[in-house]
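# Report on the structure
Residue strings, one per chain:
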Amino acid sequence: MATCEKIPLTFFVNGKKISDNEPDPDYTLLRYLREKLRLCGTKLGCDEGGCGACTVMLSRYDRKTKTLKHLAVNACLTPICSVHGLAVTTVEGIGSTRTRLHPVQERISKAHGSQCGFCTPGIVMSMYALLRSTPKPNMKDLEATLQGNLCRCTGYRPIIEGFRTFTADYECGMGDKCCKLLNGNECGVEVENKLYEPNHFASYDPSQEPIFPPELKLSDIYDQQTLKFTNDRNVVWFRPTSLKQLLEFKKAHNDAKIVVGNTEVGIEIKSKNLDYKLFASPLQIDELTRIEVNEKGIKVGSAVTLTELETVLKQEIEIRVEHETRLFKAILEMLHWFGGQQVRNVASVGGNIMTASPISDLNPIFAAAGIELEVESFDFGRKTIKMRQDFFTGYRKNIIKDSEVLISISLPRTFKNQYFLAYKQAKRRDDDIAIVNAAFNVVFKEETNIIDKMELAFGGMAATTILASKTSNAVKGKTWDRSLIEIANKSLIEEVQLSSDAPGGMIRYRRSLTLSLFFKMFLAISQELEKTNQFSLIDEREKSGARTFHTLLPKSSQLFEKVSTNQPAIDPIYRPKVHSSAFKHATGEAVYCDDIPKFEGELYLALVLSEKAHAKIISIDATEALNQFGVHAFLSAKDLPKQQNQIGPLINDEELFISEIVTSQGQALGAIVADNKMIARRAARLVKVVYEDLFPVIVTIEDAIKHKSFFSDHSNVLTHGDVENAFKIADQTLNDEFRIGGQEHFYLETQAAIAVPKDGDELEIFASTQQPGAVQKRVAQLLNIPTNRITVRTKRIGGGFGGKETRSAVASMPVAFAAYTIGKPVRMMLDRDEDMMISGTRHPFLFKYKLAFMNDGKIIGLDIQIYNNAGFSLDFSALVMEKAVLSITNAYEISNVRIESKVLKTNLPTNTAFRGFGQPQASMVSEHIIRDVARFLKKDYLDIMTINMMKDGDLTHYKQLVENCTMRRCFDEVRKNSELERRSLEVKKFNEQNRWRKRGISLVNTMFSIGFSEKFLNQAGALVHIYTDGHVLISHGGVEMGQGLHIKMLQVASNVLKTPIEKIHLQETATDKVPNATSTAASVSTDMYGGAVMEACKILYDRLTPYRERKPEKNWDEWVNDAYFDRVSLSATGFFRTDDIGEDVGKIFNYFTNGSGVSEVEIDCLTGDHQVIRTDIVMDVGSSINPAIDIGQIEGGFMQGYGLFTMEELIYSPEGKLYSRGPGMYKIPGFADIPAEFNVSLLTGAPNPRAVYSSKAIGEPPLFIASSVYFAIKEAIGAARLEENLDPHFNLSSPATVAKIRMACQDDFTNKIKEDGEGCKSWNIMP
Ligand SMILES: Cc1cc2nc3c(=O)[nH]c(=O)nc-3n(C[C@H](O)[C@H](O)[C@H](O)COP(=O)(O)OP(=O)(O)OC[C@H]3O[C@@H](n4cnc5c(N)ncnc54)[C@H](O)[C@@H]3O)c2cc1C
Ligand code: FES
Ligand code: FES
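This structure is a prediction, so every number in the text was calculated from the model and none was measured. (Residues numbered from 1 in each chain as written. Chains lettered and ligands numbered in written order. Predicted model: local features only at pLDDT ≥ 70, side-chain atom pairs only at ≥ 80, totals over all residues. Heavy atoms only, no water.)

## Looking at unusual backbone geometry
Going from Phe695 to Pro696, the amide bond is cis rather than trans, its omega being 0 degrees. Tracing the backbone shows Pro696 in the loop between strand S30 (688-693) and helix H23 (701-706). Positive phi values are uncommon outside glycine, yet Tyr574 reaches one of about 70 degrees. For Ser1254, which is not a glycine, the phi torsion comes out positive at approximately 60 degrees. By secondary structure assignment, the location of Ser1254 is in the loop between strand S48 (1237-1242) and helix H37 (1267-1283). In this structure Ser1254 comes out as partly exposed when scored by relative accessible area, which is 23%. (Helix = DSSP H or I, 4+ residues; strand = E, 2+ residues; numbered from the N terminus. Buried < 20%, exposed > 50% of the residue type's maximum accessible area, 1.4 Å probe, protein only.)

See below:
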C-alpha cells in the first residue's frame, strides 16, 4: 500500500490526465472544472444537487465485477478529492460544433429540446451516461435518468421525444394522431405534423465512444493509495484503504465526517454554513462497499450507493418467490422517488441512516422492518444493533456514537404471511423530499387474517422518524376487517401529533396523511388477501384507492400549417428552424455571463444581505471581514452620495445599499469585494450588523389591507358602462373571492454581471439582463456619468421570464459601482438561495368580486376589488396591476365593469414582471366567474362561455374594438380535437366507479392583449452589416433568452435579403450597436425587432438591386462585392414603431393572441396527489414564422403555468423570512409532470394583419392555459365532495397543491383532525 504523503490527486477529464499536487479539499468538481480547467460547459444552476445543470459522467473500472461503471453525477456535490482514479466526462468531451456532435447533442438540438440552453449540457450528460451503461434503454430507464434534471423553458416534451429515438421500443410518439391530419382540415389548409425528421438523425454507435483511460483499467494503483490532502484552512481530506485506518482516524477525530455521496454533508456546508474541517472517504473499504446475499436476506455495506442497492434488489425480486421480496419491493419503489438519478448514483444507504433526517425516505422502512445494523469502533470493536423505537434520539441524531462507524445493514426476506408497504407524499413526485412518508410491516398469524404484528413507521411527523408503537399494540391480535381502521385512526390521532407551529407547516394535512396512508395500505393488503382468501373486504369502487401514481408513457402531437409549395426552398419563413444556438447549447459552447473568462485583475463581489424584514440598522461592522486575506473593500451606503444611492426602475424608491431602515429581508446592506468568490462569500458572512426590530412586519395581502399599506398614487378605479344599473336589472347576482400566490422565476442561470473599467472613464458591462438599455441608463445615473461612456453587452441569458428586467439591477449595479470605484473588473453571479431571496417574484393577488347576470347566462356586470402584493418598492407593480385590470374579463365581453385596484406595500422583496405580467392571475377571475354563473344557473359552463365570448365588433372594458377575433375558432377546435363531450362522459363514469380516485376535465380560454400599454415603448431598432465575403451580421435591441428571437430574426433577414440563412449571423445585444432599446418583454420582440430587421434588410436589398438586375447570372457574394467596389454602403439601420396604437387612437394594444386548452386530471383523494392525463391546446399564432419555436413557447409556457397553478409555493415565515430558497424547498415542474398526452395545434388559416409576416406574439399568452389543470382538479375535488354530500363548490386558492387538494376533498379521515390550535403562530404564511 502506498503512503498517503505527496500523492497527487490524479484523474482524467475528457481523456486528459490531470495530476494535482495540491488539490484543495474545499473545491467541488464543478468549481474545479469551471475555474481551473475552464470547462464551462458544465453549468452552475443551484449548487445543491437540485437542478442537474452541473451533471457530468464519472467512470470507473469495477475490479470486483470487471466492468466499467458510468454514472451521471452532480458536479456541484462531488468533492474534487473524491475523483482520484476516476475518469470524468463533461459535455465538451463528447462532441462539439467544430468536430462532430454526439448523437445525444444532435437529437436534443434538432428535436427543439433547448431554449435558453442553460439546462441543456446537464440533460445531455444525463442521457449520455445512460447510453454508456445501457446503449438500448427503454422508456422507464429514460424516465429514471431524467428525474434529476430541471428545465424552466421547454416544457420537457421535445427533450423526451428527441431522446425517445434512442430507446429500444422507439416508435412515433404521436400514436393515433400520426399523419392523420396531413391531408388537410376544415379550412382546406394543409397541416404539417413533423417539427423535425427523426430519420435524418445520425445513428448512435456505442462502439464509437471514447475509450476509458487504459491506465485506470490496467493498474489498480490508484485504488490502493491512502490519500490525505489539506489546504491552507486546514481542511483535511483523508481516504483510508482499510477499515482499521478509518477506525483509527475516527478515534483520533470523533468530529470527522465520513463522506460518501456528500449529498448531505455538501448541503450542510453550502446551505447551513457548517464549516467541517475533517473528511474521511470510505469508498476503498471493502466491508463498507460490499453487498452480500445470504440465507436471511441481503447484507448491504453502509457506503453502498442507492443505485447499487437498486440493482441487487431488482435481481433478488426477479429470482425469488414473490412473498420473500415484499420488503425489497417496498424499498425499490421508494428508491424510484428518492432524489434524482445523479443523487442515487452517489448517495449511500449509510449516509441516509446516519443523517437521521426526520424526512428520510429509507428510515421509516428500515424502522418498520426492524433491520439489524453492524457498527464498529476502534476501542469497542463490532456490535449489532436493531433499528427500533430507541434508535433515533433527536433531530438528526441516532444512537450510533461519533467514534463509531456504521459498517452494514441487513435487509431480511419476508414471509408468506407478511406484507410490507411504504408510501411517500411530496409536493412533486420526482426528486422531492417527503412531506410525510410511512412504512407498514404487517404479519398475520399463519393461515389466518388475525394480525400477529404490525409495525407502523412515519417520517415528517416529528423531529425523528417515529414508530407508532401504541398503534401497533392497539391493532395486535385484531382481525383484518374494517373495524381495524377505526381502531388505528383513534390510536394514530392520539399517538402521532404535531404542534400548530411545527416546522414544515401543513399540520392538518400531515396528520390526515397518517390516517389516509394507513387506509391506503388497508385497501392494498385487503386486495392481496382477497386473492388468496376469496373473501371481499372492500367495495369494488374503493379498490383504486390503493394505487399510487406512476409516470405514464408520454404521447404527443404538434400540428401546424404546411408551407406553401410555391415558397422557395431557400426561404426559411414559416419553417420549423432550430434555435440559432441549439447546437452550442448542447455542446456547452454557448457562453453565458459567468462563462466569460476572467479579466486581468478581476475581483469578486459578494453582497451582505439583510436578515430582517423590517428593522433599523444600528451598526454595520466590516472590520473582521476586511482583515481577511484577499479582501479588498467593503462598500456601503456611506460610499456614495445619498442621491446616487437612491435607485429604482420607474421611481427612485429603493437604495443600492440600505442606509438606515431595512424594509425586506435580502436587501443589500453592503458588498465585500475580494480576490475570489470563496473569500468574498466567507468575508461577507463576517460583517456584523446590529438591527433594531421595527413593527409591523407586513407579509401578507391581508396584513397590508389591515394596515392600509398601499402605494396610494397607484390605487385606481376603472369603470366601463353602468355597473350600478347592471346590478339593478340583473336576474341574478353573486359574490365570491379568489386568491393566487406568487411564483419564483427560477430561470436556470441566476442573476449575473461583470463590470470592466476601460480607458479611465468608460465602463463595459456584461450582464444577464432582458434590458441592456435600462442597465446602461441606470448605471449612468448611479455613477453620475453620461450613458455614452457605458456599454452593456448581453450575448444570451439562461432564462429571464421577466425576472431579468428591472431586477437584473441587483447584480449589475453593485458590480458597476464596485468596478468604477475600485478601478478593477468586478464579477458577481448570485447563488440560487440569494437570487430567490433578493430578486422578487410574480405578484400574489387577491380578488373580491360581485357579479350580475341574466338567467340565460349573459354576464352583464362585474364589480371587483383587486389587490397585489408589491413588496417593499414599486418596481413594475403598478404596471402589473394595470395589465391585470385590463385582463380581468379575458375572453369574455362584460358591458358594465367597475374595477378598484390597490398596489400593496409589504415587507417582502419587491415583486416584479413575470411572464404574463398580471394577466394569468387576473384571467383566473374570468374563468371562475364563468363557472360561478354556470353553477348558479345549473347550466353547462361551456354554454356560459359561448354566450359571453368576445367576438368581432365587441368592445373590451377599456373600450378597444375587437377585430379579427379568433377566440371562437380556438374554442370550437379544441372542443373537437380533445373530444371534450365524449371524454366528459367518461370522466363522469370513472367518478361513479371510483371512490378514492376522481377525475376532472376542463376547458379554458385566453385572450392576451399584445403590446406595451405605454405607447413610447413600442419601438425597436436594428443594425445590419453585409461584409465583402457576402456574410451578414445582424444586431437588434432584443435579448435572446431562449424564446428563439434570434432565429426568427435570421429567418426574417434571409427572407428579405433572399440569401441563405447560413450566411447570416447574430452575435449579441449591445447598447453601442442599437441604442435606447425597450426591454425584451411583453411578447412583442418578434413583432418589433422583426419590423426593424426587415426595414434594414430592405434598404440593403434595394441597394443591391441594381447589381442583381444588371448581372442576374452572378451570385449574392458577387453582387455584394460589386456594390462594395462601387462604394455603396453595406450597412443600414432599421427602425420600427407599432403604428396605430395608443389610448389616443382607442387602441391600447396592437392585437390579441387567442388560445384554448382542455386538460384532464386524476386526483388521489386520499393523498391529494394528481396526474395530468391529457392536455389539448389550440393556439392562434397567426401565420407562425417558426412553428417549432412557437410550439416550444406554448409547451414551455404551459408547464410554467402548470407550476404556478398547482405546485409552486413561496413559503414565508410570519417574520418575512423566505424558507423556499432553492430547488430543495421550491418545486418547479419536472419531466414527470408533463401531461401524459400533450397535443398542441396552431390555428391554421388565421393570418394576423397587424404583425410581421402575419404572425402573432406567443411568449406569454399560453401560460394561462395551464389553469385548465387547476379547474380540472377543482372539478375532480368537487366529485369527491359529492361523495360526502358536501357542496361541490368551495374556495380553492391557487396553487392547488397536494395539501389543498387533499384537505378540500374532506372525508371521515380529514374530519377527525381538528383545526390548528387558535392563537398559535403558524410556521409559515401565504404572502
Ligand atoms: C438533491 C437531493 C435530493 C435528495 N433526495 C432525498 C430523498 O428523496 N429522500 C431522502 O431520504 N433523502 C434525500 N436526500 C438526502 C441524501 O441524499 C440522503 O440522505 C443520502 O442517503 C445521504 O447519503 P450520502 O452518502 O450522500 O451522505 P453523506 O453526505 O456522504 O453523509 C451523510 C452523513 O452520514 C454520515 N455517514 C456516512 N456514512 C457513514 C458511516 N458509514 N458511518 C458513520 N457515519 C456515516 C456522514 O458523516 C454524514 O454526517 C437528497 C439530497 C439531495 C442533495
Ligand atoms: S448546480 Fe448542481 S444540481 Fe444544480
Ligand atoms: S432551456 Fe432548459 S432551462 Fe432554459
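More follows now that the structure is in view.
## A short note on the nonpolar core
Membership of the largest hydrophobic core comes to 275 residues, with the highest contact counts inside it found for Trp480 and Ile672. Among the elements that make up this core, the one with the highest residue count is helix H18 (residues 507-533) (13 residues). In this structure, Ile672 is in contact with Tyr604, Leu605, Ala606, Val608, Ala625, Val631, Ala633, Phe634, Ala680, Ala683, Ala684 and Val687, ignoring residues within four places of it in sequence. Ile1064, Tyr1089, Leu1100 and Trp1119 belong to the second-largest nonpolar core, a separate cluster that totals 49 residues. (Core = buried A, V, L, I, M, F, W, Y, C linked by side-chain atoms within 4.5 Å. Contact = heavy atoms within 4.5 Å.)

## Points about the site of ligand 1
Inspection of the region around ligand 1 gives 32 residues, with Ile258, Val260, Thr263, Ser348 and Asp361 positioned closest. Side-chain polar atom of Thr263 to an oxygen atom of ligand 1: 2.6 Å apart, as the coordinates give it. At 2.7 Å, a side-chain N or O of Asp361 approaches a nitrogen atom of ligand 1. For ligand 1, whose free accessible area comes to 990 Å², the fraction covered by protein is 92%. Of the residues forming the shell around ligand 1, the biggest block, four residues, is contributed by helix H14 (residues 349-355). (Near = heavy atom within 4 Å. Polar contact = N/O pair within 3.5 Å; in protein donor to acceptor, adjacent residues only side chain to side chain. Areas by Shrake-Rupley, 256 points an atom, 1.4 Å probe, with all protein chains shown as cover.)

## Thoughts on the environment of Ile451
In this fold, Ile451 is placed in strand S20 (residues 451-459). Once residues lying within four places of it in the same chain are set aside, the contact partners of Ile451 are Val443, Phe444, Val475, Lys476, Gly477, Lys478, Trp480 and Leu484.

## Side note on the sheet that holds strand S45 (residues 1131-1137)
A sheet is described by the order of its strands in space; here four strands give the open sequence S43-S42-S41-S45, paired in mixed fashion. Looking at which strands have only one partner, the edges of the open sheet turn out to be strand S43 (1064-1066) and S45. Taken pair by pair, the neighbouring strands of this sheet meet at an average axis angle of 25 degrees, ignoring direction. With five bridges joining them, strand S41 (residues 1019-1026) and strand S42 (residues 1032-1036) adopt antiparallel strand pairing. Looking at S42, one finds that Ile1026 is bridged to Val1032. (Pairing = 2+ DSSP bridges. Axes fitted to C-alpha atoms, helices over the stretch in contact; angles between N-to-C directions.)

## Focus on the sheet that holds strand S37 (residues 845-853)
The sheet built from five strands is open, its strands ordered S31-S39-S38-S37-S32 with mixed pairing. Of all the strands in the sheet, the pair left with one neighbour each is strand S31 (716-720) and strand S32 (732-740). Neighbouring strand axes in the sheet, compared pairwise and without regard to direction, differ in orientation by 10 degrees on average.

## Some thoughts on the pairing of strand S18 (residues 418-426)
For S18, a buried count of eight out of nine residues is recorded, marking the element as mostly surrounded by other parts of the structure. Pairing of S18 with strand S19 (residues 434-444) involves nine bridges; the strand directions are antiparallel. Counted as the bridge partner of Gln425 is Val436 from S19.

## Description of the pattern of salt bridges
With the rule as written, the count across this model stands at 100 salt bridges. The salt bridge involving Arg290 is made with Asp286; its shortest N-O contact spans 2.7 Å. Note that Asp1072 is salt-bridged to Arg793, the shortest N-O span being 3.3 Å. In this pair, Asp1072 sits in the loop between strand S44 (1069-1070) and helix H34 (1085-1110) while Arg793 sits in strand S35 (residues 790-794), placing the two residues 279 residues apart along the sequence. (Salt bridge = Lys/Arg side-chain N within 4 Å of Asp/Glu carboxyl O.)

## With respect to the confidence of the model for the protein chain
With 98% of its residues at a pLDDT of 70 or more, the protein chain has an overall mean of 96. Across residues 178-187 the pLDDT falls below 50, and counting only partners more than four positions away or on other chains, this stretch makes 17 contacts in the model. (pLDDT = per-residue confidence, 0-100.)

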